[in-house]
Amino acid sequence: MAILPILEFPDERLRKKAKPVATVDAATRQLIDDLLETMYAAPGIGLAANQVNVQQRIIVLDVSEEKNAPLALINPELLDKQGQEESDEGCLSVPGVYEKVRRAEKIRVRALDREGGALEFDAEGLLAVCIQHEIDHLEGKLFVDYLSPLKRQLARKKVRKEQRQRATQPEPTRLRGVA
Ligand code: GNR
Ligand code: NI
């Protein structure tokens, strides 16, 4: 297991479109374990592989209160979207920034699980928000792309400030999570 460094806005590597996973194997499962460890450590409720510079279509999530419901989705696709809802979002790649984003309220998702088996399910609430946020990452899209140019500029400044503060703070007191 390993905690991997998370890329931060405006890193251009976050803009690459991640590639479909051709075969789900032991290396895929190892990567999923590392993504989950990195997500829990941050702490966050979701993480996409390309946030740690792995350009594969894999996302992990855990929206449970107890942080005991890890979910890994490989090659996730949105089959259907219904309704609209606005909620506050944060992103581990845009530390310190929280803004309202409008997303579909209910979604139908198709993906492979960590054994390579086919999954299809409906999601709503925080899980639906998080899955849409993570699939956006796989497309090279960030939640700040939905904001006005002014707010995006402010987000950029805020990330720089966070990075500066982190550089002058002792490691154990670092708090970067957004969960
Ligand atoms: O930890 C996270 N919290 C969160 C809150 C509201 C909407 C989306 C998210 S995802 C985020 C982790 C992250 O950046 N995943 O890519
Ligand atoms: Ni994110």
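As shown above, the structure is provided for reference.
Residues numbered from 1 in each chain as written. Chains lettered and ligands numbered in written order. Predicted model: local features only at pLDDT ≥ 70, side-chain atom pairs only at ≥ 80, totals over all residues. Heavy atoms only, no water.

Asks: Help me understand the site of ligand 1, please; the structure alone is not making it clear to me.
Replies: As a structural note, the neighbourhood of ligand 1 is formed by 14 residues, with Ile45, Gln51, Leu92, Glu134 and His137 the closest of them. Interatomic distance of 2.7 Å between a side-chain N/O atom of glutamine 51 and an oxygen atom of ligand 1. For ligand 1, an oxygen atom lies 2.8 Å from a polar atom in the backbone of leucine 92. Against a free-state accessible area of 380 Å², the protein chains account for coverage of 96% of ligand 1. Those elements that provide at least two residues to the shell around ligand 1 are strand S3 (71–89) and helix H2 (125–138). With four residues, H2 is the largest single contributor of residues to the shell around ligand 1. (Near = heavy atom within 4 Å. Polar contact = N/O pair within 3.5 Å; in protein donor to acceptor, adjacent residues only side chain to side chain. Areas by Shrake-Rupley, 256 points an atom, 1.4 Å probe, with all protein chains shown as cover. Helix = DSSP H or I, 4+ residues; strand = E, 2+ residues; numbered from the N terminus.)

Asks: Just to check I follow, could you spell out the pattern of salt bridges for this structure?
Replies: Opposite charge on two side chains permits them to pair, given that their charged atoms come into close proximity. All chains considered together, the criterion is met by 14 salt bridges. The salt bridge involving arginine 29 is made with glutamate 115; its shortest N-O contact spans 4.0 Å. Of the two residues, arginine 29 is situated in helix H1 (residues 26–41) and glutamate 115 in the loop between strand S4 (99–112) and strand S5 (118–124); the sequence distance between them amounts to 86 residues. In this structure, the salt-bridge partner of arginine 108 is aspartate 122, at a minimum N-O distance of 2.9 Å. Taken together, the residues span a long stretch of sequence, with arginine 108 in strand S4 and aspartate 122 in strand S5 at a distance of 14 residues. With relative accessibility at 27%, the residue arginine 108 sits in the partly exposed group. Aspartate 122 sits in the exposed class, given a relative accessible area of 56%. Taken together, the shared-partner salt bridges connect Arg108, Arg110, Glu120 and Asp122 into one network. (Salt bridge = Lys/Arg side-chain N within 4 Å of Asp/Glu carboxyl O. Buried < 20%, exposed > 50% of the residue type's maximum accessible area, 1.4 Å probe, protein only.)

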